[in-house]
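A look at the structure
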Amino acid sequence: MTLRFVVTGTDTNIGKTVFSAALADALGAAYWKPVQSGLEGETDSEAVQRLGRIPPERIVPEAWRLKTPASPHLAARIDNVRIDPEALSPPSTESPLVIEGAGGVLVPLTESEVFADVFARWQMPVVLCARTGLGTINHTLLSLEALRHRSIPVFGLVFIGDEQTDTQQIIAKLGNVNCLGRLPRIDPLTPDTLRQAFQDQFDISCFQKGIL
């Protein structure tokens, strides 16, 4: 069976696209962003292709591309587009696959369904990305509860940002979650520096085995 992961987050703009690029690079994986909101500037697919040096043929086209930079449910309403969650089905790929959600776990996809509801149907292992800054304990524990409430398999947790040892330890303990590693701030952020940071901070064999 093809190795597949869903990368989601506790919030928006926490670095899950950068992590997705690093993971796709390390696994030689394809990448899919089911719904892209906001088309001005670099899209998430373009960023992953650039930062992860992912060949164009391993970037799966988005199911929906929305012009408005907002939550998918609102962007779709403004753009006069109807999103059908039932039509979202992970693509078949010969290589491993990294799927990146939009925003956080409970971001609305439509007026009646959030991304976690889609993840529950897929039953694919989820990697939850969390920042290390103030407020992350609450956001991360709530996100884990939301995933588990829907019986979504949680593969593990990835921290993004400066090291906060106590914060990371208490989340791991109270959340009863496997901490996969921490992606530090990277400056400058380039394909080379990202690849090196991932190699330094993560055990790729953990992902390659795909064992929860």
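**Re helix α7 (residues 191–201)**
Each turn of an α-helix holds 3.6 residues, which means side chains three or four residues apart point in the same direction. Restricting attention to buried positions, one finds in α7 the residues L194, A197 and F198. Within α7, the buried residues cover an arc of 100° as seen down the axis, which keeps them to one side. Among the exposed residues of α7, those pointing more than 90 degrees away from its buried face are Q199 and D200. Looking at the packing, one finds that the buried side of α7 touches α1 (16–27), α2 (44–51), β9 (179–183) and α8 (204–209).

**Let's talk about the side chain of S45**
Summarising the element assignment, S45 is placed in helix α2. Given the relative accessible area of 5%, S45 is considered buried. Setting aside its immediate chain neighbours within four residues, S45 contacts Y31, K33, Q36, I59 and E62.

**Points about the pairing of strand β6 (residues 97–104)**
Among the eight residues in β6, eight count as buried, and that is most of the element. Pairing analysis gives five bridges linking strand β1 (residues 4–9) to β6, with the strands arranged parallel. Each residue of the ladder has a partner; that of G9, found in β6, is G104.

**What about the nonpolar core?**
With 36 residues, the main nonpolar core has V35 and W122 as its most contacted residues. At the level of elements, β2 (30–32), β5 (64–66), α3 (72–79), β6, α4 (115–122), β7 (126–131), α5 (136–149) and β8 (154–160) are the ones that each hand at least two residues to this core. The dominant element in this core, judged by the number of residues it contributes, is α4, at five residues. Apart from residues lying up to four places away in sequence, W122 is in contact with V6, W32, P34, L88, S89, P90 and I99. Core analysis: the next-biggest nonpolar cluster, separate from the first, contains 30 residues, L23, I54, I186 and A197 among them.

**What about the state of the cysteines?**
Tallied over the entire structure, the rule returns zero disulfides. With no disulfide of its own, C179 has C206 as its nearest cysteine by sulfur position, at a separation of 11 Å. Here C179 falls in the partly exposed class, since its relative accessible area comes to 32%.

**Brief notes about the sheet that holds β6**
Reading across the sheet, the seven strands line up as β4-β2-β6-β1-β7-β8-β9 and stay open at both edges, with parallel pairing between neighbours. Strands with a single pairing partner mark the edges of an open sheet, and in this sheet they are β4 (59–60) and β9. Two strands pair when backbone bridges link them, and β2 and β6 are joined in this way by three bridges, in the parallel orientation. Bridge pairing links A30 to L97 in β6. Contacts between α4 and the sheet are confined to β1, β2 and β6, with β6 contributing the most and set at about 155° to the helix.

**Description of the environment of S37**
Secondary-structure assignment places S37 in strand β3 (residues 35–37). It is 4.7 Å that separates the C-alpha atoms of S37 and L66, two residues lying 29 residues apart in sequence. Setting aside its immediate chain neighbours within four residues, S37 contacts L66, T68, P69, A70, S71, P72 and A75. For S37, the side chain forms a polar contact with the main-chain oxygen of A70, separated by 3.2 Å.

About the criteria used
Throughout this description, residue numbers start from 1 for each chain and increase along the sequence as written. Only residues with pLDDT of at least 70 are given local features in this predicted model, and only at 80 or more are side-chain atom pairs given and counted; all residues enter the totals for whole chains, interfaces and linings. Side-chain metrics rest on all non-hydrogen atoms present in the structure, leaving aside hydrogens and water. Burial here depends on accessible area, computed with a 1.4 Å probe over protein chains only, as a share of the maximum for the residue type. Under 20% is buried, over 50% is exposed, and the range in between is partly exposed. Helix numbering and strand numbering both begin at the N terminus, where a helix is a DSSP run of H or I of at least 4 residues and a strand a DSSP run of E of at least 2. By arc we mean the arc of the directions from the helix axis to the C-beta atoms, nothing more. Only heavy atoms matter for contacts: two residues are in contact if any of them lie within 4.5 Å across the pair. By definition, two strands form a pair when at least two bridges between them are found by DSSP. In these notes, a set of buried Ala, Val, Leu, Ile, Met, Phe, Trp, Tyr and Cys residues joined through side-chain atoms within 4.5 Å is what counts as a nonpolar core. Whenever a pair of cysteine sulfur atoms sits within 2.5 Å, that pair is classed as a disulfide. Here an angle of 0 to 180 degrees is reported between the N-to-C directions of two axes, which are lines fitted to C-alpha atoms, with helices fitted over the stretch in contact. Under this definition, polar contacts are N or O atom pairs within 3.5 Å; protein pairs additionally need one hydrogen-donor-capable and one acceptor-capable atom, and for neighbouring residues in sequence, both atoms have to be side-chain atoms.

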